Amino acid sequence: MRLAMEEALRGEQEGEVPVGAVLVLEGRLLAAAHNRSIGLCDPTAHAEILVLRRGGEILGNYRLEGTDLYVTKEPCLMCLGAMLHARIRRLVFGARDEKGGAFSAFSVDLSRANHRLQVVGGIMEEENAELLRRFFAERR
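Residues numbered from 1 in each chain as written. Predicted model: local features only at pLDDT ≥ 70, side-chain atom pairs only at ≥ 80, totals over all residues. Heavy atoms only, no water.

**Topic: the packing of aromatic side chains**
Part 1 of the reasoning: The final tally for this structure, using the stated rule, is two aromatic pairs.
Part 2 of the reasoning: Note on F93 and F103: the rings are 6.2 Å apart at their centroids and 5° apart in plane angle, and the pair reads as stacked. With a gap of ten residues between them, F93 in strand β4 (residues 90-95) and F103 in the loop between β4 and β5 (118-120) connect regions that are remote in the sequence.
Part 3 of the reasoning: Judged by relative accessible area, F93 falls into the buried class, the value being 1%.
Part 4 of the reasoning: Residues F135 and F136 carry aromatic rings whose centres are separated by 5.1 Å and whose planes lie at 85° to one another, so their mutual orientation is edge-to-face.
Part 5 of the reasoning: In this structure F135 comes out as buried when scored by relative accessible area, which is 2%.
Part 6 of the reasoning: Judged by relative accessible area, F136 falls into the partly exposed class, the value being 31%. (Phe/Tyr/Trp six-rings, centres within 6.5 Å; stacked < 30°, edge-to-face > 60°. Helix = DSSP H or I, 4+ residues; strand = E, 2+ residues; numbered from the N terminus. Buried < 20%, exposed > 50% of the residue type's maximum accessible area, 1.4 Å probe, protein only.)

**Considering the pairing of strand β1 (residues 20-25)**
Part 1 of the reasoning: Of all six residues in β1, six are buried, a share of seventy percent or more.
Part 2 of the reasoning: Examined bridge by bridge, β1 and strand β2 (residues 28-34) share six bridges and lie antiparallel to one another. From the neighbouring strand, G20 faces β2, where its bridge partner is H34.
Part 3 of the reasoning: Joining the antiparallel neighbours β1 and β2 is a turn of two residues, in which E26 adopts a positive phi near 50°.
Part 4 of the reasoning: In this structure, β1 lies alongside strand β3 (residues 67-73), joined through five bridges in antiparallel fashion. When the sheet's bridge partners are listed, L25 is paired in β3 with T67. (Pairing = 2+ DSSP bridges.)

Keep in mind these numbers describe shape, not what the thing actually does.
Now the structure itself:
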């Protein structure tokens, strides 16, 4: 999660919403990314999507089975959908997102999904939430 936070800080320096993600396979870092929606003029350029794309390139497969994705903020519906299609093994996220998070805002139930995704939330939650609070407070 600390590596994901470092990515979030890189994004913040670029003026992006500070969300970072890392993709890990068997304890080895495969890819790291931060939000780039503003810089790329791409609403899909969330940290999670970018790290999944890079992971697919590295593994030469759109299926990322056995991988774990760490992200500083609870993923949105788009990102969660991509994770399910990629068949990642485990999602670990930091801060909850009551307004846009797939689980907090939309109460997604994964019990009927094709793929069984392990989900662990609230890791380093306060540090990740504080980064987001600070970012948005400076812009208001």
